[in-house]
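Chain and residue survey
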Amino acid sequence: MTYLRTIGEVIGFLVLCFIMIAEATVKWLIPRRYRMKSIDGEIALVTGGGGGLGRLLSLRLANLGAIVVVWDINEAGIEETVKLVRAAGGICYGYVCDLCDREDIYNKAKIITEKIGKVTILINNAGIVTGTKFLDTADKLIIRTMNVNIMSHFWTVKAFLPAMLESNKGHIVSVASMAGQVGTPKLVDYCASKFAAVGFDEALRIELEYEGYNINTTVICPYFIRSTGMFDNVKSRFVPTLNSNIVADRVITAMRCNEKYAIIPSYFGVLMWMKWIMPWSIISMFLRALVVDASPNNKPHVTATDNEKDSSHNLPSKSAVIRQPLARRTSNSERKP
């Protein structure tokens, strides 16, 4: 009986696979403009929204009718983003939030929920890079890279996912990188954090599906992006660095179409297969030829999509806020869905 049951399960699995492949094929044949969901009236939080890609995403979300909330460490950047969004007719709020500080994330999340409403679209966009060889990278910079690029994802999702689960509605977008798929010299800590972001998204998605929730997740893996302050001087061969506006459009499209992965440019998805079927010597040679130098200056530096500054600089107060006054901070070191 066990043998027959196993055969039945295998046949059932194959039938389900055939049905899912057919459904995916039909969806793929439908033009994207007919597959896009409306986000009008949704509350969307964008980390690192004080400049670069985060600002572009905020403008596009507001243009589609979403209420945008921007988090950043740079108060001036927040003010500029809020000003631009409102000038375009959108609704936008900005809060200074230190993504290295779990308590600050939880407290700002509580304030947003109380004063604006439940966040239904979470875009973890903020990121930093040091751009130095591994042994030349200070320990504190490695820790901060991990805190901003991946640990903050844990805390923001813990803060906003419970409300999404209550309504069984929500979308979590993780802006990772092609550096989360392949390694690159002088980006050891950055690559590690982006690999973790890809794994975080996939494991979270499977867990939510296993529990029966209809919460969507999307992971974005772009090549080096120009005009974000992170990889403007990267020496790349064969493949040009990406226009930030094109990347922003692609992120919004992927989110609205409920895509699970968005690799930019898309043909890199085909090249990814090479990593698993080619000898490592070929893959290493190709990657070293493709990215000649990810950080030509070859000296410790920190730049960020959220314009985070080194701790030796004067940081704006964590209690700063644009438009909305902050409530009294409360302690909440552990957050469970």
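The following refers to the structure shown.

The rules we used
Starting afresh in each chain, residues are numbered from 1 along the sequence in its written order. Only residues with pLDDT of at least 70 are given local features in this predicted model, and only at 80 or more are side-chain atom pairs given and counted; all residues enter the totals for whole chains, interfaces and linings. To get the side-chain values, all heavy atoms of the structure are used, and hydrogens and water are removed first. Strands are runs of DSSP state E lasting at least two residues, helices are runs of H or I lasting at least four, and both sets are numbered from the N terminus onward. Contacts are assigned to residue pairs that have any heavy atoms within 4.5 Å of one another. To measure how exposed things are, a 1.4 Å probe is used in the Shrake-Rupley method; for residues, cover is taken only from the protein chains shown. Nonpolar cores are built from buried Ala, Val, Leu, Ile, Met, Phe, Trp, Tyr and Cys residues. Side-chain atoms within 4.5 Å join them into one set. Per-residue accessibility, obtained with a 1.4 Å probe over protein chains only, is compared with the maximum for each type, and a residue is labelled buried under 20%, exposed over 50%, and partly exposed between these values. Here, a salt bridge means any Lys or Arg side-chain nitrogen found within 4 Å of an Asp or Glu carboxyl oxygen. Classification of ring pairs uses Phe, Tyr and Trp, with its six-membered ring standing for Trp, and accepts pairs whose centres are within 6.5 Å; under 30 degrees between planes counts as stacked, over 60 as edge-to-face, and the remaining range as tilted. The arc in question is the one traced by the directions running from the helix axis out to the C-beta atoms. For two strands to pair, DSSP has to find at least two bridges joining them. For cavity detection a 1 Å grid was placed over the protein atoms alone, and a set of points counts as a cavity when a 1.4 Å probe fits there but cannot get out; an open set counts as a pocket when protein lies on both sides within 12 Å along at least five of seven lines, with lining residues being those that have an atom within 4 Å of a point. Grid points are joined across faces, edges and corners, and a volume is the space filled by probe spheres set on the points. Residues are grouped as follows: Ala, Val, Leu, Ile, Met, Phe, Trp, Tyr, Cys and Pro are nonpolar; Asp, Glu, Lys and Arg are charged; all remaining types, including Gly, are polar. To count toward a patch, a residue needs a relative accessible area above 30% and no salt bridge. Like charges then connect within 9 Å, nonpolar side chains (Val, Leu, Ile, Met, Phe, Trp, Tyr) within 5 Å. The handedness rule is simple: strands pointing away from the viewer, and a clockwise path from the first strand over the helix to the second, make the crossover right-handed.

A closer look at the overall build of the protein chain
- Check the secondary structure of the protein chain and you find ten helices and twelve strands.
- Contacts spanning at least 24 positions in sequence make up 74% of the contacts within the protein chain whose residues lie at least 6 apart.
- When the accessible area of the protein chain is evaluated, it comes to approximately 16900 Å², of which 59% is carbon and sulfur surface.

Notes on the nonpolar core
- Judged by nonpolar contacts, the single largest core of 88 residues is most densely connected at Leu61, Trp71, Phe160 and Leu161.
- Examining the composition of this core, we find that nine residues originate from one element, helix α6 (residues 139-167), more than from any other.

Here we look at the pattern of salt bridges
- Using the criterion set out here, one finds six salt bridges in the structure.
- With its nearest N and O atoms 2.6 Å apart, the salt bridge here joins Asp249 to Arg60. Of this pair, Asp249 sits in helix α8 (residues 244-256) while Arg60 sits in helix α3 (residues 52-63), and the two are 189 residues apart along the sequence.
- A relative accessible area of 40% places Asp249 in the partly exposed class.
- Looking at Arg60, the relative accessible area reads 18%, which means it is buried.

Regarding the packing of aromatic side chains
- As enumerated under the stated definition, the model contains six aromatic pairs in all.
- Centre to centre, the rings of Phe154 and Trp155 are 6.2 Å apart; their planes meet at 55 degrees, and the pair counts as tilted.
- For Phe154, a relative accessible area of 35% gives the class partly exposed.
- Each ring, one from Phe154 and one from Phe200, has its centre 4.7 Å from the other, and the planes form 55 degrees; the classification is tilted. Placement of the pair is Phe154 in helix α6 and Phe200 in helix α7 (residues 188-210), with a sequence separation of 46 residues.
- A residue is classified by how much of its surface remains accessible, and Phe200, at 13% relative accessible area, is buried.

Concerning helix α10 (residues 280-290)
- Looking at α10, one finds that the buried residues are Ile283, Ser284, Leu287 and Leu290. Down the axis of α10, the smallest arc covering the buried residues is 135 degrees, so these residues share one side. Facing away from the buried side of α10 by more than 90 degrees, the exposed set consists of Met285 and Arg288.
- Buried residues along α10 sit in contact with β8 (235-236), α9 (268-277) and β10 (291-293).

So, the pairing of strand β7 (residues 216-222)
- For β7, the buried fraction is high: seven of the seven residues fall into the buried class.
- Of the two faces of β7, both are covered, the one formed by Asn216, Thr218, Ile220 and Pro222 as well as the one formed by Thr217, Val219 and Cys221.
- Relative to β7, strand β6 (residues 171-175) runs parallel, the two sharing five bridges. When the sheet's bridge partners are listed, Ile172 is paired in β7 with Thr217.
- Two strands pair when backbone bridges link them, and β7 and strand β9 (residues 261-264) are joined in this way by four bridges, in the parallel orientation. In the strand pairing of β9, Pro222 is matched with Ile264.

Thoughts on empty space enclosed by the protein
- Enumeration according to the criterion identifies two cavities of 30 Å³ or more in this entry.
- Each pocket or cavity is described by its volume, and for the largest cavity that value is around 260 Å³.
- Of all the secondary-structure elements, those providing two or more residues to the lining of the largest cavity are α9 and α10.
- Looking at the lining of the largest cavity element by element, the count peaks at five residues for α9.
- Looking at the lining of the largest cavity residue by residue, the classes come out as 15 nonpolar, three polar and one charged.

Structural notes on a nonpolar patch on the surface
- A cluster of nonpolar side chains, contributed by Tyr3, Leu4, Ile7, Ile11, Val15, Leu16, Phe18, Ile19 and Met20, occupies part of the molecular surface with about 970 Å² of accessible area.
- In this fold, Ile7 is placed in helix α1 (residues 2-29).

Some details on the pairing of strand β1 (residues 43-47)
- The buried fraction of β1 is high, at five of five residues.
- Side chains of β1 alternate between two faces, with Ile43, Leu45 and Thr47 and Ala44 and Val46 buried alike.
- Both β1 and strand β2 (residues 67-72) contribute to a ladder of five bridges, which runs parallel. Opposite Leu45, over in β2, you have Val69 as the bridge partner.
- Viewed along the sheet, the connection from β1 through α3 into β2 turns out right-handed.
- Bridging between β1 and strand β4 (residues 121-124) involves three bridges; their strand directions are parallel. Counterpart to Leu45 in the pairing with β4 is Leu122.

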